[in-house]
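Here is how the chains run, residue by residue.
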Amino acid sequence: MVPARDARAVRLAAGDRVRVVDLEGRQVGDVFCFAAEDPSEHLSAAHTRTQLGRLFPALRESFVTDRRRPILTLVDDTSPGVHDMLIAACDPARYRALGVEGRHASCAENLHRALGEVGLRTSVVPQPVNVFMRISIEEDGGLTWLPALSRPGDGVTFEAAMDCVLVVSACPQDVVGINGGNEPTALALDLLPAHEFAERVPALHDTGDKQ
């Protein structure tokens, strides 16, 4: 479970799969990913856009690191398919600019805390993969923050292309209405290790076609 306004980190071996699930609907999740052997290498939205020539990967396409190596592959998406790789993670400065007084939970702080729980540190907060986040790009180049369209139980599944550490923050944004104008809610992570996934793939049967 990824509680509302909080984050969790999980270690993935190459071939493992993880599904990020929106439990109640219309909840944005900030996804970060770091190479296990060297956390200074991380998933880079900018390098991914450059590699693919798209604002967001299509199914079976990979997110790459700042060293242009594949780190995650998008293998399934049961949501409406609206996600974002343009908007930075929320942080204390963002909430101060929005007029919030006092402390407010943020994805940037969540990232540091979640990594610390698995014994890692990062000096940067990379651009996240904002699953379920809906950003409209206007004709004049302006950006509009819109409520998420994800429904209860919708999920996005990633496969690790290398040994890595994945962090998911259930975004605590409650000033801008990206989370459906609602209070932030929890997400879930369904983990499927590579060996279990292989066991669940149906065996191919001989159809008699010898071509």
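How each quantity is defined
- For every chain, the first residue of the written sequence is number 1, and numbering continues from 1 onward in sequence order.
- Residues qualify for local features only when their pLDDT is at least 70, as the model is predicted, and side-chain atom pairs are given and counted only at 80 or more; totals for whole chains, interfaces and linings, by contrast, use all residues.
- Based on all heavy atoms of the structure, the side-chain values leave hydrogens and waters out of the count.
- Segments assigned H or I by DSSP are reported as helices when at least four residues long, segments assigned E as strands when at least two residues long, and all are numbered from the N terminus.
- Our radius of gyration looks at C-alpha atoms and nothing else; its globule reference is 2.2 Å times the residue count to the power 0.38.
- Only protein chains enter the area calculation, which uses a 1.4 Å probe; residues under 20% of their type maximum are buried, those over 50% are exposed, and those in between are partly exposed.
- Aromatic rings from Phe, Tyr and Trp, taking only the six-membered ring of Trp, are treated as a pair when their centres fall within 6.5 Å; an angle between ring planes under 30 degrees marks them as stacked, one over 60 as edge-to-face, and anything in between as tilted.
- In this scheme, the term charge over a ring applies when either NZ of a lysine or CZ of an arginine sits within 6 Å of the ring centre and within 35 degrees of the ring normal.
- Throughout this description, the term salt bridge denotes a Lys or Arg side-chain nitrogen within 4 Å of a carboxyl oxygen of Asp or Glu.
- Only strands that DSSP links by at least two bridges are regarded as paired with each other.
- Geometry is summarised by axes, namely lines fitted to C-alpha atoms with helices restricted to the contacting stretch, and by angles between N-to-C directions that run from 0 to 180 degrees.
- For each structure, a 1 Å grid was placed over the protein atoms alone; sets of points admitting a 1.4 Å probe that cannot get out are labelled cavities, open sets with protein on both sides within 12 Å along at least five of seven lines are labelled pockets, and lining residues have an atom within 4 Å of a point.
- Grid points are joined across faces, edges and corners, and a volume is the space filled by probe spheres set on the points.
- Buried Ala, Val, Leu, Ile, Met, Phe, Trp, Tyr and Cys residues form a nonpolar core when they are joined through side-chain atoms within 4.5 Å.
- In what follows, a contact means two residues having at least one pair of non-hydrogen atoms within 4.5 Å.

Where do I start with the overall build of the protein in this structure?
Each helix and strand counted, the protein has four helices and 11 strands in total. Relative to the globule expectation of 17 Å for 211 residues, the C-alpha radius of gyration of the protein, 18 Å, shows essentially globular dimensions. Considered along the principal axes of its C-alpha atoms, the protein spans approximately 70 × 40 × 30 Å. With 211 residues in all, the protein has 47% of them scored as buried.

For this particular structure, what's the right way to read the packing of aromatic side chains?
Two numbers describe a pair of aromatic rings. These are the distance of the centres and the angle of the planes. Overall, the coordinates contain two aromatic pairs when judged by the stated rule. Between phenylalanine 56 and phenylalanine 63, the ring centres sit 5.6 Å apart and the planes meet at 80°, which makes this aromatic pair edge-to-face. Each member of the pair, phenylalanine 56 as well as phenylalanine 63, carries the same accessibility label: buried. Consider the rings of phenylalanine 63 and phenylalanine 158, whose centres lie 5.7 Å apart with planes at 65°: the pair is edge-to-face. Of this pair, phenylalanine 63 sits in strand β4 (residues 62–64) while phenylalanine 158 is found in strand β9 (residues 155–160), placing the two residues 95 residues apart along the sequence. Phenylalanine 158 matches phenylalanine 63 in its accessibility class, with the two residues each being buried. An aromatic cluster of three or more residues is present, and its members are Phe56, Phe63 and Phe158. Seen from the ring of tryptophan 145, arginine 94 lies directly overhead, with NZ or CZ sitting 5.7 Å from the centre.

Got a minute to help me understand the pattern of salt bridges in this structure?
With the rule as written, the count across this model stands at 13 salt bridges. Across the pair arginine 67 and glutamate 41 runs a salt bridge, and its minimum N-O distance is 3.6 Å. In this pair, arginine 67 is assigned in the loop between β4 and β5 (70–77) and glutamate 41 in the loop between β3 (29–35) and α1 (45–52), connecting sequence segments 26 residues apart. Note on glutamate 41: relative accessible area 1%, which makes it buried.

Sorry if this is basic, but what is going on with the sheet that holds strand β1 (residues 7–12) here?
Whether parallel or antiparallel, the strands of a sheet pair through hydrogen bonds between backbone atoms. Taken together, four strands build an open sheet; the order of strands is β1-β10-β3-β6 and the sheet is antiparallel. Of all the strands in the sheet, the pair left with one neighbour each is β1 and β6 (129–131). Averaged over all pairs of adjacent strands, the angle between their axes in this sheet comes to 25°, without regard to strand direction. The pairing of β3 with β6 spans three bridges and is antiparallel. Across the sheet, residue aspartate 30 finds its bridge partner in β6, namely asparagine 130.

What is the right way to read the layout of surface pockets from this model?
If you roll a probe as big as a water molecule over the atoms, it shows you where there is empty space left. Its boundaries defined by the atoms lining it, the largest pocket holds a volume of some 160 Å³. Around the largest pocket, the lining comprises 13 residues; the ones closest to its centre are Ile87, Ala88, Cys90, Arg94 and Trp145.

Can you help me understand the sheet that holds β5 in this one?
Reading across from one edge, β4-β5-β9-β2-β11 is the order of the five strands in this open sheet, with antiparallel pairing throughout. For this open sheet the edge positions go to β4 and β11 (187–192), each flanked by a neighbour on one side alone. The mean angle between the axes of side-by-side strands here comes to 25°, regardless of whether they run parallel or antiparallel. Across six bridges, strand β2 (residues 17–22) lies against β11 in antiparallel orientation. Considered in β11, the bridge of aspartate 22 is made with leucine 187.

What's the story with the nonpolar core in this structure? I'm lost.
Side chains that are nonpolar tend, in soluble globular proteins, to be buried together. By size, the foremost hydrophobic cluster in this structure holds 29 residues, and its most contacted members are Phe63, Leu72, Phe158 and Leu166. Elements that contribute at least two residues to this core include exactly β1, β2, β3, β5, β6, β9, β10 (164–170) and β11. Examining the composition of this core, we find that four residues originate from one element, β10, more than from any other. Not counting chain neighbours up to four residues away, the residues in contact with phenylalanine 158 comprise Asp16, Arg17, Val18, Val20, Phe63, Leu72, Thr73, Leu74, Val75 and Val131. Listed in part, the 23 residues of the second largest apolar core include Phe34, Tyr95, Leu115 and Leu120.

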